[in-house]
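Secondary and tertiary structure notes
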Amino acid sequence: MGCGRVGSTLARSLEDRNHTVSIIDSDPDAFRRLGPGFNGDKVAGVGFDQQVLEKAGIRRADAFAAVSSGDNSNIIAARVARETFGIQTVCARIYDPGRAEVYQRLGITTVATVKWTSDQVLRRILPAGAEPDFRDPSGKVRVDHILVPQVWIGSRTILLQARSRSRIAWIDRLGEGMLPTRETVLQEGDVLHLVIQEELAAHTFAVLSAGPEEEQQ
């Protein structure tokens, strides 16, 4: 629901991944954002109206995303999709972070756009380790992306993991993601996506800064 910049981009992205997509918007002119190559259904109407949802094929949908510009419309539509039509995978775009947390607890996945954007900027301007990319609900596990420190270039990933007591989920190398093996050697420019226990974060970042110790013979 919603064919603004977010909705039209999402619809085209899903179609590019070979999914069948229906998109709803109260303004028929909004569908022009989809371009001539869009093959999905375009339904003009209010996105929380049950008849409009039926016309869009809600009963055969695997997921529903409410990404209009209005918090109230998105929440109502998400609840109708979940509670009336039984769609389990529902996501709503919410501008108000406080309201997003409330609906998250009710089982509706929310994207609080203001908080999300500010968090993304924070992660890019604060020093490494100051703000993780992800923290699990318990607060015990975090994921951070770190540009490989100069002192670790040429070392094997298995050594970094053992000394830092972290795990490398994947490495961004030359613009492509790769999964490290026991033999992978760190190269200049590698971006490491580290899974870290929160209680060990200080130790992990201290080891990353200090570099590898000499291995015992």
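As the structure is a prediction and not an experimental result, all values here were calculated from the model.

As defined by bridge partners, strand β3 (residues 63-66) adjoins strand β4 (residues 89-94) across four bridges and the pair is classed as parallel. Residue pairing for β4: A63 is matched across the bridge by T89. In this view, the connection linking β3 to its parallel neighbour β4 by way of helix α3 (residues 71-84) has right-handed handedness. In the sheet, β4 pairs with strand β5 (residues 109-112) via four bridges, with the strands oriented parallel.

To continue, consider the environment of I158. Positionally, I158 belongs in helix α6 (residues 157-164). In sequence terms I158 and A169 are eleven residues apart; their C-alpha atoms lie 12 Å from each other.

A word on α3. Between its terminal C-alpha atoms α3 stretches 19 Å, which fits the 20 Å expected from 14 residues at 1.5 Å a residue. Considered for burial, the residues of α3 that qualify are D71, N74, I75, A77, A78, V80 and A81. Where α3 is buried, its residues touch α2 (50-55), β3, β4 and α4 (97-105). Looking one or two residues beyond α3, the residue adopting positive phi is G86, at roughly 70 degrees.

Moving on to the nonpolar core. Among the nonpolar cores identified, the biggest contains 23 residues, and L53, I58, F64, I87, V90 and A92 are the most heavily contacted of them. When contributions to this core are tallied by element, the ones reaching two or more residues are α2, β3, α3, β4 and α4. With five residues, α3 is the largest single contributor of residues to this core. Excluding its chain neighbours within four sequence positions, the residues that come into contact with I87 are I58, A61, D62, A63, F64, A81 and R82.

Here we come to the side chain of T157. Here T157 lies in helix α6. You can call T157 buried: its relative accessible area is 0%.

Conventions we followed
- Sequence order as written defines residue numbering, which begins from 1 separately in each chain.
- Where totals are concerned, whole chains, interfaces and linings use all residues; where local detail is concerned, this predicted model gives features only for residues with pLDDT of at least 70, and gives and counts side-chain atom pairs only at 80 or more.
- Only hydrogens and water are set aside; all other atoms, that is, all heavy atoms of the structure, feed into the side-chain values.
- A pair of strands is treated as paired once DSSP finds two or more bridges between them.
- Helix and strand definitions follow DSSP, with helices as H or I runs of at least four residues and strands as E runs of at least two, each counted in order from the N terminus.
- By the criterion used throughout, a crossover qualifies as right-handed when its path from the first strand across the helix to the second strand runs clockwise, the strands pointing away from the viewer.
- By this rule the span expected of a helix is its residue count minus one, scaled by 1.5 Å.
- Whether a residue is buried, partly exposed or exposed follows from its accessible area with a 1.4 Å probe, protein chains only, as a fraction of its type maximum: under 20%, in between, or over 50%, in that order.
- By definition in these notes, contact holds between two residues if any of their heavy atoms fall within 4.5 Å.
- Each nonpolar core is a collection of buried residues, namely Ala, Val, Leu, Ile, Met, Phe, Trp, Tyr and Cys, held together in the definition by side-chain atoms within 4.5 Å.

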